[in-house]
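# Overview (structure and organization)
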Amino acid sequence: MDYDEEKGWYDPRIVPYADLTLSPAATIFHYGQGVFEGLKAYNSENGNVNLFRPDMNAKRSNRSSDRLCIPEIPEEDYIQAIEQLVALDKDWIPSEPDHSLYIRPFIIGTDPFLGLKTSRYYQFIIILSPVGPYYPEGLDPVSIWIEDDYVRAVRGGIGEAKTGGNYAASILSQVKAHDEGYSQVLWLDGVERKYIEEVGAMNIFFKIGGKVVTPKLNGSILPGITRDSVIQLCKEWGYEVEEKRISIDEIYEAHKAGILEEVWGTGTAAVISPVGKLRWGDEIMQVKDGGIGELSHKLYDTVSGIQLGKIEDTHGWIVEIK
Ligand code: PMP
């Protein structure tokens, strides 16, 4: 679908996957004026195909667009575009267990103009790709590198938008963490560099002394859809859940006191990612001897169970594509 100032959004169409033709001066290449989303379509036990809370992706995309001066897309149109494309290509979801179809909607500024101003033209595109299970051999705890040198987002910046610039800012740390043998980077806040924000493509949770805590949304953290679902489930299961500023010292002290019971990340790709080890400067914090916590496991089974139609969806989170 295209946008120009006179017509608004126009000409929705489904075309075969192909390279794009864009001006080398297009806004997206030089100033990064673009936003994206990520969600999955799952084969359900009942033979339909499930989307998980696509309305949240539509809303978040519009919030990201607002931050980048990109025109909003009506939520119904956004969801309908995803539904129609998935309905057409649902046979692409491999029939093996835990495979799915990754859906990547994105909007880019295409104005062929090199001056720094908001684009007059945009394209909204959705591409699909079959994906295998995140954990082919069952849940596997990840190790996390706490980034001290660089920041991903700052107060008043673009951290809560799903836009390429945030990920560009994180590539160097990701490479560094991998070189050190860590699979994920945990970001601290960009002002005081002591409050925990999020992981590269996941939000983060801690279970400390029986209580679930997660960083409060503060404008520089992506409001994850899995995060929101996990908060709801934990509350329903009777856990006290606190969204607050969490300093890295607090985590270190909990670890020293032996009450850092579980740490896990949440995101569309892995659903729940148990964390076995955190490295902060010279300190290495092992979580539960590096194993998988009971609550992390239950959350993984529940959220993925709902997505795959194995567990009844009592929250109205699933949209079925017939
Ligand atoms: N934070 C970042 C930076 C992400 O890229 C993602 C993945 N979209 C998340 C958190 C988790 O969000 P969600 O649960 O909506 O996938």
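Residues numbered from 1 in each chain as written. Predicted model: local features only at pLDDT ≥ 70, side-chain atom pairs only at ≥ 80, totals over all residues.

Our next topic: the packing of helix H2 (residues 54-67) against helix H3 (residues 75-89). When two helices pack together, their arrangement is captured by the angle between the axes and the distance separating the axes. Interaxial distance between H2 and H3 falls to 9 Å at its minimum, and their mutual angle equals 125°. Taken together, the axis directions place H2 and H3 in an arrangement best described as oblique. For the pair H2 and H3, the sense of crossing is right-handed. Of the residues in H3, those touching H2 at Pro-54, Asp-55, Ala-58, Lys-59 and Ser-61 are Glu-75, Tyr-78, Ile-79 and Ile-82. Taken together, the residues of the contact of H2 with H3 break down into 5 nonpolar, 1 polar and 3 charged. (Axes fitted to C-alpha atoms, helices over the stretch in contact; angles between N-to-C directions. Helix = DSSP H or I, 4+ residues; strand = E, 2+ residues; numbered from the N terminus. Parallel < 35°, antiparallel > 145°, perpendicular 65-115°, else oblique. Left-handed = near helix turned anticlockwise from the far one by under 90°. Contact = placed C-beta atoms within 7 Å. Nonpolar A, V, L, I, M, F, W, Y, C, P; charged D, E, K, R; others polar.)

Each domain of the protein chain was delimited in the assignment, giving domain 1 (2-131) and domain 2 (142-307). With centres defined by C-alpha atoms, the gap from domain 1 to domain 2 works out at 27 Å. Taken together, the 18 residues of domain 1 in the interface contact 10 residues of domain 2. For the side of domain 1 that touches domain 2, the secondary-structure elements that each account for two or more residues are strand E3 (34-36), strand E4 (39-43), strand E5 (49-52) and H2. Along the lines of polarity and charge, the residues of the side of domain 1 that touches domain 2 split into 7 nonpolar, 6 polar and 5 charged. (Domains from an automatic or database assignment.)

The environment of the ligand is formed by 13 residues, the closest being Gly-224, Ile-225, Thr-226, Gly-267 and Thr-268. Every element with two or more residues in the shell around the ligand is listed here: helix H5 (225-236) and strand E14 (260-267). With 3 residues, the single largest contributor to the shell around the ligand is H5. Along the lines of polarity and charge, the residues of the shell around the ligand split into 4 nonpolar, 7 polar and 2 charged. (Near = placed C-beta within 6 Å.)

Moving on to the UniProt feature "modified residue: N6-(pyridoxal phosphate)lysine" (unreviewed entry) in the protein chain. Taking the numbering used here, the UniProt-annotated feature "modified residue: N6-(pyridoxal phosphate)lysine" (unreviewed entry) corresponds to Lys-162. Mapped onto the secondary structure, Lys-162 falls in the loop between strand E8 (142-146) and helix H4 (164-179). (UniProt positions renumbered as here; feature names shortened; annotations may be inferred.)

Attention shifts here to the confidence of the model for the protein chain. Per-residue confidence for the protein chain averages 95 on the pLDDT scale, and 100% of its residues sit at or above 70. Across the whole predicted complex the pTM is 0.97, and at the interface the ipTM reaches 0.99. (pLDDT = per-residue confidence, 0-100.)

Here helix H6 (residues 248-256) has its buried residues at Ile-248, Ile-251, Ala-254 and His-255. Mapping the buried residues of H6 onto a view down its axis gives an arc of 120°, with all of them on the same face. Of the exposed residues in H6, those oriented more than 90 degrees away from the buried face are Asp-249 and Lys-256. (Buried ≥ 20, exposed ≤ 12 C-beta atoms within 10 Å, placed from the backbone. Arc of directions from axis to C-beta.)

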